[in-house]
Amino acid sequence: MPVIDKERPVLVTGASGYIASWIVRFLLEEGHVVHATVRDKTQTEKVAHLTEIDSRESGQLRLFEADLLKPGSFAEAMKGCALVIHTASPFQLNTKDPQRSLIDPALKGTRNVLETAKHTPGVQRVVLTSSVAAIYGDAIELESAPGQVFTEDQWNESSSLRHQPYSYSKTVAEREAWKIAGTQSEWDLVTINPGFVMGPSLSQRTDGTSTQFMQSMANGQFKAGAPDLYFGVVDVREVARAHLLAGFISEAEGRHILSASEHSILEMSHMLRESYGDKYPFPKKLLPNIFLYLFGPFQGFSWNFLRRNLGYPLRFNNRKSRAKLGLKYRPVAETLREHILQLEKDGLL
Ligand code: NAP
């Protein structure tokens, strides 16, 4: 149970991403020195929001270049760090070559970062951004889960390269992380397993899945009706806060499911309507399942996915995150409202 040295720098991988940006912001607000890795430092527009936060907060930001697929490229950034927060991993749901675009960066990247941690003196803890996607594969599995609720004890055993490849990438990456952690005793591993992350972004990027989902809700993509699909939903600020808590609370251990509450897309739409009325064409009804079976395959929804997910609610037990990390969840309606506000403010709707 290490006492993490707060005076030493904290490494955050994939620092310009949606979740990581909030982690960097909270660390800088608390006065930490942050070693932030990005793929390409010359893409200044991707890090402008971080340098702006750096200029007004007490912490100090140092940018490094590192790529998940380049062995050893995290070594320089990790030097001197006590805490490593590994968030970088592609989050895409539609991809033609999942091995190359998802599995390789997730698995080889985790191996790359954690093997470097093994050879970097002074690393005390690694916090990995995993996902509930490493806990379950398809919503139908809830029916056979003990007590009909997903907990940290479960592992996704149904996803594969062909079926739910993003979930598969998160599962193999987290399994690899635990395997590597078990081969040494210098640092311990703690994982954060969030549901679908929503809430305001610190940057104006629109290439992330969370932001794209919110844009599609507001721009009428589901106007004809919402697919009867369910998510555990959690605010990006809670997810970021959980990484700091998992990093600095000595007793933190194991996996942590993060979900404020579970909702269908239609329920989320009803919450948005409560806030915004008819300002945006949020869906008002369910899309009949037959339409999804007919047209879903052209949109990247296989019949197997639909059969195992359509109409099956989800339930996650978030007790450990509240009891052990002391995490407090804001209501999902507030998260959704503030995500739309940010997109409006940034002219992205
Ligand atoms: P995001 O904004 O797309 O961030 C992904 C990050 O990974 C980006 O910083 C990206 O770098 C980096 N990355 C991708 N490929 C890389 C490579 N080859 N080398 C180095 N960096 C690479 O997505 P996010 O939603 O914040 O996701 C962050 C983490 O949270 C991921 O591990 C994801 O699986 C996990 N997660 C997300 C959600 C969610 O709903 N958003 C839910 C559960 C778990 P660039 O900035 O250079 O593109």
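Residue numbering note: each chain is counted from 1, following its sequence as written. Under the rules for a predicted model, residues below a pLDDT of 70 receive no local features and side-chain atom pairs below 80 are neither given nor counted, while totals for whole chains, interfaces and linings still include all residues. The side-chain values count all of the structure's non-hydrogen atoms but skip hydrogen atoms and water molecules.

Turning our attention to the site of the ligand. Here, proximity means that at least one heavy atom of the residue falls within 4 Å of the molecule or strand. Neighbouring the ligand are 25 residues; S16, Y18, Y166, K170 and R205 lie closest to it. Here a polar contact is taken to be a pair of N or O atoms separated by no more than 3.5 Å, where protein atoms must pair a possible hydrogen donor with a possible acceptor and residues adjacent in sequence count only if both atoms sit in side chains. In this structure, T87 approaches the ligand through a main-chain N or O atom, which is 2.8 Å from an oxygen atom. A total of 900 Å² of accessible area belongs to the ligand in isolation, and the protein chains cover 93% of it. Counting only elements with at least two residues in the shell around the ligand, the list comes to α1 (18-29), α5 (165-181) and β7 (196-198). The classification used treats Ala, Val, Leu, Ile, Met, Phe, Trp, Tyr, Cys and Pro as nonpolar, Asp, Glu, Lys and Arg as charged, and all other residues, Gly among them, as polar. Class assignment for the residues of the shell around the ligand results in 10 nonpolar, 10 polar and five charged. The method behind every accessible area is Shrake-Rupley, applied with a 1.4 Å probe, and residues are considered shielded solely by the protein chains displayed. Segments assigned H or I by DSSP are reported as helices when at least four residues long, segments assigned E as strands when at least two residues long, and all are numbered from the N terminus.

Right, let's get into the UniProt feature "domain: NAD-dependent epimerase/dehydratase" (unreviewed entry) in the chain. As recorded in UniProt, the sites labelled "domain: NAD-dependent epimerase/dehydratase" (unreviewed entry) are residues 10-246. In this annotation, residues 10-246 is assigned 37% helix and 17% strand; the end-to-end C-alpha distance for the span is 13 Å. UniProt positions are given in the numbering used here, feature names are shortened, and annotations may be inferred rather than shown by experiment.

Time to look at the pairing of strand β5 (residues 125-129). Here β5 lies mainly inside the structure; five of its five residues are buried. Taking every second residue as pointing to the same face, both faces of β5 are buried, with R125, V127 and T129 on one and V126 and L128 on the other. A crossover connection joins strand β4 (residues 83-86) to the parallel β5 through helix α4 (residues 98-118); in handedness this β-α-β unit is right-handed. Inspection of the sheet shows β5 paired to strand β6 (residues 188-194) by five bridges, in the parallel sense. Paired with V127 across the two strands is V190, which belongs to β6. Whether a crossover is right-handed depends on one test, that the path from the first strand over the helix to the second runs clockwise when the strands point away from the viewer. On the question of chirality, the crossover connecting β5 to the parallel β6 by way of α5 is right-handed. Only protein chains enter the area calculation, which uses a 1.4 Å probe; residues under 20% of their type maximum are buried, those over 50% are exposed, and those in between are partly exposed. Two strands are said to pair when DSSP picks up at least two bridges between them.

Pairing of aromatic side chains requires ring centres within 6.5 Å, counting the rings of Phe and Tyr and the six-membered ring of Trp. Pairs whose planes differ by under 30 degrees are stacked, by over 60 edge-to-face, and all others tilted. Scanning all chains against the criterion turns up 14 aromatic pairs. Between the aromatic rings of Y280 and F282, the centroid separation amounts to 5.7 Å while the plane-to-plane angle is 50°, which identifies the pairing as tilted. F282 carries the same exposure label as Y280, and that label is buried. Arranged with centres 6.4 Å apart and planes meeting at 25°, the rings of F291 and F295 form a pair that is stacked. Placement of both F291 and F295 in helix α9 (residues 289-295) is noted, with a separation of four residues, approximately one turn of the helix. The exposure class assigned to F291 is partly exposed, which follows from its relative accessible area of 41%. Only lysine NZ and arginine CZ atoms are considered, and such an atom sits over a ring when it is within 6 Å of the ring centre and within 35 degrees of the ring normal. Above the ring of F248, the side-chain terminus of K6 is found at 5.2 Å from the ring centroid.

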